[in-house]
Amino acid sequence: MIIIAVMNLKGGSSKTTSAAFLAHALHEAGLRVLGVDADGENESLLQWQALGEWPFPVIGMAVPNIHRQLPGIANDRYDAVVIDTPPMKEQRNIVLSAARLATHVVCPLAPTSMEYGRLPAVRQLLADATELRNDQKPIFSILFTRTVANASSTEAYREVITEEGDHVLKVPVARKEKFAQAYGLPIENALATAYGDAIAELLDMTGEEAVSA
Ligand SMILES: Nc1ncnc2c1ncn2[C@@H]1O[C@H](COP(=O)(O)OP(=O)(O)OP(=O)(O)O)[C@@H](O)[C@H]1O
Ligand SMILES: [Mg+2]
């Protein structure tokens, strides 16, 4: 089972949008998906699931012991779990708990100086989570989001972050109306978006394969 935790330091960084599309891409690839809403504030994954009548369940778990509660629930029934987290700045304990359990941590980030400046805090949380784990640390990836076509910033920040030793997923998620207007609606063809490329890359990093539908 893969457990993807989507996290960032602050709000408005595409966490919920990314969790929603990643979960749908996994579902479309034929995996049994569980969404976990560890935020629970407005525009939550849980509400979106209900409004959009998603074809897989989302449960609310905005607690600081996800790493204890979730295994008993997800246990054998799902192939992939996607956890949407609150901003670390406000609910660090909840995010830390998700990072203690995750096989993969994905940090959605716009390639701008402001958002790049949030990375050290995310790295620190991962280091803290790793110290609390007995097993391997999660596979950490940065997912560029809200990118502008042909802007040199995307490749410039990719280079900087790669040099610092972190992995940036190959295909960035562009700033698009399709994503800006997605909240509350059903999601179709997520696999055909950059999020489909992201899950292919994430699954590849564990050697897991998508089960064909
Ligand atoms: N690729 C994109 N293109 C355009 N708009 C986007 C994109 N991704 C996200 N957005 C928009 O950016 C805003 C913030 O996204 P989202 O709610 O996913 O962030 P969040 O990190 O979950 O925020 P919060 O911490 O407040 O829950 C939303 O209005 C969303 O529609
Ligand atoms: Mg959110």
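Going by what an unreviewed UniProt entry lists, the chain is known as ParA family protein and is assigned to Rhodococcus artemisiae.

Even after reading the chapter, I still don't get helix α3 (residues 66-74), so can you show me in this structure?
When we look at burial in α3, the residues that qualify are Ile66, His67, Leu70 and Ala74. Mapping the buried residues of α3 onto a view down its axis gives an arc of 80 degrees, with all of them on the same face. With respect to the buried face of α3, the exposed residues turned more than 90 degrees away are Arg68 and Gly72. If you follow the buried residues of α3, they end up packed against β2 (33-37), β3 (58-60), β4 (80-84) and α4 (92-101). Positive backbone phi, approximately 65 degrees, marks Asp76, located one or two places after α3.

What is the right way to look at the side chain of Glu115 in this model?
Relative to the helices and strands, Glu115 is located in helix α5 (residues 113-116). Since its relative accessible area comes to 6%, Glu115 is described here as buried. Dropping the residues within four chain positions of it, Glu115 is found in contact with Ser13, Leu109, Ala110 and Arg146.

Can you help me understand the site of ligand 1 in this one?
Of all residues adjacent to ligand 1, which total 16 residues, the nearest are Gly12, Lys15, Thr16, Thr17 and Ala174. Note that an oxygen atom of ligand 1 is positioned 2.8 Å from one of the side-chain N or O atoms of Thr16. Taking Ala180, its main chain carries an N or O atom lying 3.2 Å from an oxygen atom of ligand 1. For ligand 1, whose free accessible area comes to 630 Å², the fraction covered by protein is 76%.

What exactly am I supposed to notice about the sheet that holds β4 here?
Pairing between sheet strands relies on hydrogen bonds along the backbone, with the strands arranged either parallel or antiparallel. Within the open sheet, the 7 strands sit side by side as β3-β2-β4-β1-β5-β6-β7. Their pairing is parallel. The sheet is open, and its two edges are formed by β3 and β7 (167-168), each paired on a single side. The pairing of strand β5 (residues 104-109) with strand β6 (residues 139-144) spans 6 bridges and is classified as parallel. Residue pairing in the sheet places Leu109 in a bridge with Phe144 of β6.

Where do I start with the pairing of β4 in this structure?
Counting buried positions along β4 gives 5 out of 5 residues, so the element sits mostly inside the fold. Judged by which residues are buried, β4 turns out to be covered on both faces: Ala80, Val82 and Asp84 on one side and Val81 and Ile83 on the other are all buried. The sheet contact formed by strand β1 (residues 2-6) and β4 spans 5 bridges and is parallel. Residue pairing across strands places Ile4 opposite Val82, the latter belonging to β4. Examined bridge by bridge, β2 and β4 share 5 bridges and lie parallel to one another.

What exactly am I supposed to notice about the packing of aromatic side chains here?
In this description, an aromatic ring pair is defined by two values, namely the gap between the centres and the angle between the planes. According to the stated counting rule, one finds 7 aromatic pairs in the structure shown. Aromatic side chains Phe21 and Phe179 sit 4.9 Å apart centroid to centroid with 75 degrees between the ring planes, which places their arrangement in the edge-to-face category. Linking Phe21 in helix α1 (residues 15-28) with Phe179 in helix α8 (residues 177-180), this pair joins segments that are 158 residues apart in sequence. Owing to a relative accessible area of 10%, Phe179 belongs among the buried residues under this scheme. Ring geometry for Trp48 and Trp54: centres 5.5 Å apart, planes at 55 degrees, overall tilted.

Before we go on, may I ask you to explain the environment of Gly30 in this structure?
With respect to the helices and strands, Gly30 occurs in the loop between α1 and β2. For Gly30, a relative accessible area of 22% puts it in the partly exposed group. Residues Gly30 and Asp79 lie 49 residues apart in sequence; the distance between their C-alpha atoms is 9.3 Å.

Rules used throughout
- Every chain is numbered independently, its residues counted from 1 as its sequence is written.
- Chain A is the first chain written and ligand 1 is the first ligand written, with later ones labelled in order.
- Local features in a predicted model are, by the rule used here, given only for residues with pLDDT of at least 70; side-chain atom pairs are given and counted only at 80 or more, and totals for whole chains, interfaces and linings are based on all residues.
- For side-chain calculations, the full set of non-hydrogen atoms in the structure is used, while hydrogens and water are omitted.
- Relative accessibility thresholds used throughout: buried, under 20% of the residue-type maximum; exposed, over 50%; partly exposed, between the two (1.4 Å probe, protein chains only).
- Secondary structure elements follow DSSP: runs of H or I no shorter than four residues count as helices, runs of E no shorter than two count as strands, and numbering proceeds from the N terminus.
- Of all possible arcs, the one meant is that of the directions from the helix axis to the C-beta atoms.
- The contact definition used throughout considers only heavy atoms, calling two residues in contact when any of these lie within 4.5 Å.
- Proximity criterion: a residue is near a molecule or strand once any of its heavy atoms comes within 4 Å of it.
- In protein, a polar contact requires one atom able to donate a hydrogen and another able to accept it; more generally it is a pair of N or O atoms within 3.5 Å, and residues adjacent in sequence count only if both atoms are side-chain atoms.
- The Shrake-Rupley method, run with a 1.4 Å probe sphere, supplies the accessible areas, and residue values consider only the shown protein chains as cover.
- Here, any two strands with at least 2 DSSP bridges between them count as paired.
- Note on aromatic pairs: the rings of Phe, Tyr and Trp (six-membered ring only in Trp) are paired at centre separations within 6.5 Å, and the planes decide the class, stacked below 30 degrees, edge-to-face beyond 60, tilted for the rest.

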